[in-house]
Amino acid sequence: MKVSFKTKRHARIPKHAWHICLYTDVNSLSGVDSVSEEIHSLASHATNGAVRAIDGKAQNWILCQLETDNSKPVSTTAEAIFSQLPNDCQNLVLYVSLPLDFPELERALETIFIRLILNGYRVDKFREENISDHQLRSVTVLTPEGYSELAKSVWSYAAALREGRRFAMDLVNAPSNYKTPEMIAGIVSKRARKSGYRCKVFDKKAIGKLGLSALLAVNQGSTLPPRFLIVEYKPRGKKAGNLI
């Protein structure tokens, strides 16, 4: 997925894209050249927290007015937004018209970004059909002046969380005859080497030496040998905390 960050004025917008506009006040839309008078009019009559989808000939819009008093969680609004986004959406433009003093701005952006990049998640590994044409291909984030670095930083953090969540979701959705103990141990060990944390794998004999009799008892119901993993992450320069 290609991601680009631009300031609102005079930004080139991908054709045939869906547009999501986040704002707190209709006046904040005045800096968005691509927002037509019709959109302004509809936004001015929207109630707080409302999500309104507008289908046009060349453009599709979802307007979302966020509340500044935190009376409605951003996560709830994010679900409402992306429930209206079609699964075959390939190009998306996200207009961020939130003020820099918006309550917990970074957390709000993080919530929206994570929901955005997880949108359309599918279990592709075991499909025979090619569904690559139904994936989000490009995201353009339009922000006010002086907002870009914050948005990029939050997006990087959200993308890292997304990677971990997709990894967990892929494992959960994989069939049991695929995610064997040996396979899972191999995947975790490989990711440990890549990400800089330690992973120690114990086979059946080593598990017995550890005295994990209950684990071995459960494994008697399987034809596959067990694995036991110890994963440790120790950030450099950080003092060791209390072990729990």
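Everything in this summary refers to the structure shown in the same document. (Residues numbered from 1 in each chain as written. Predicted model: local features only at pLDDT ≥ 70, side-chain atom pairs only at ≥ 80, totals over all residues. Heavy atoms only, no water.)

A word on the overall build of the protein. Regarding its fold elements, the protein presents seven helices and eight strands. For the protein, with 244 residues in total, the buried portion stands at 34%. In the protein, once contacts between residues fewer than 6 apart in sequence are set aside, the share between residues at least 24 apart is 70%. When the accessible area of the protein is evaluated, it comes to approximately 15,300 Å², of which 49% is carbon and sulfur surface. (Helix = DSSP H or I, 4+ residues; strand = E, 2+ residues; numbered from the N terminus. Buried < 20%, exposed > 50% of the residue type's maximum accessible area, 1.4 Å probe, protein only. Contact = heavy atoms within 4.5 Å. Areas by Shrake-Rupley, 256 points an atom, 1.4 Å probe, with all protein chains shown as cover.)

The next point concerns the nonpolar core. Counting residues in hydrophobic clusters, the biggest one holds 33 residues, and the most contacted among them are I20, L22, I81, L92, L98, I112 and F113. For this core, the elements supplying multiple residues, two or more each, are strand 2 (18–23), strand 4 (60–65), helix 2 (74–83), strand 5 (91–97), helix 3 (105–117), strand 6 (138–143) and helix 4 (148–173). In terms of residue count, the dominant contributor to this core is helix 3 (eight residues). For L22, the contacting residues outside a window of four places in its chain are C64, I81, L94, Y95, V96, S97, L98 and I112. Listed in part, the eight residues of the second largest apolar core include C21, Y23, L63 and Y95. (Core = buried A, V, L, I, M, F, W, Y, C linked by side-chain atoms within 4.5 Å.)

Moving on to the pattern of salt bridges. This structure, assessed with the given rule, holds three salt bridges. Of the charged contacts in the structure, one is a salt bridge between E79 and R115, with a shortest N-O distance of 2.9 Å. In this pair, E79 sits in helix 2 while R115 sits in helix 3, placing the two residues 36 residues apart along the sequence. Look at E79 and you get partly exposed, because its relative accessible area is 43%. A salt bridge links E163 to R191; the shortest N-O distance between them is 3.9 Å. With E163 in helix 4 and R191 in helix 5 (residues 181–195), this residue pair connects regions lying 28 residues apart in the sequence. (Salt bridge = Lys/Arg side-chain N within 4 Å of Asp/Glu carboxyl O.)

The element strand 6 is largely enclosed, with a buried count of six among its six residues. Of the two faces of strand 6, the one holding S138, T140 and L142 and the one holding V139, V141 and T143 are both buried throughout. Across six bridges, the pairing between strand 1 (residues 2–7) and strand 6 is parallel. Bridging across to strand 6, K2 finds its partner in S138. (Pairing = 2+ DSSP bridges.)

Across the six residues that make up strand 2, a large majority, six, are buried. Burial of the side chains of strand 2 extends over both faces: W18, I20 and L22 are buried on one face and H19, C21 and Y23 on the other. Summarising the sheet, strand 2 and strand 4 pair through six bridges and their orientation is parallel. Opposite L22, over in strand 4, you have C64 as the bridge partner. By the bridge criterion, six bridges tie strand 2 to strand 5 in an arrangement that is parallel. In the sheet register, W18 faces strand 5, and the bridge partner there is L92.

Another aspect to go through is the environment of P235. You can see P235 is positioned in the segment after strand 8 (228–232). Taking the C-alpha atoms as reference points, P235 and Y197, separated by 38 residues in sequence, lie 8.5 Å from one another.

For the structure shown, the criterion picks out four aromatic pairs. Summarising the aromatic geometry, the rings of F5 and W155 are spaced 6.2 Å apart at their centres and angled 80 degrees between planes, so their arrangement reads as edge-to-face. In this pair, F5 is assigned in strand 1 and W155 in helix 4, connecting sequence segments 150 residues apart. The class of W155 is buried, set by a relative accessible area of 9%. Ring geometry for F113 against W155: centres 5.0 Å apart, planes inclined by 65 degrees, an arrangement best described as edge-to-face. (Phe/Tyr/Trp six-rings, centres within 6.5 Å; stacked < 30°, edge-to-face > 60°.)

Functional significance is not addressed by these values, which are geometric in nature.
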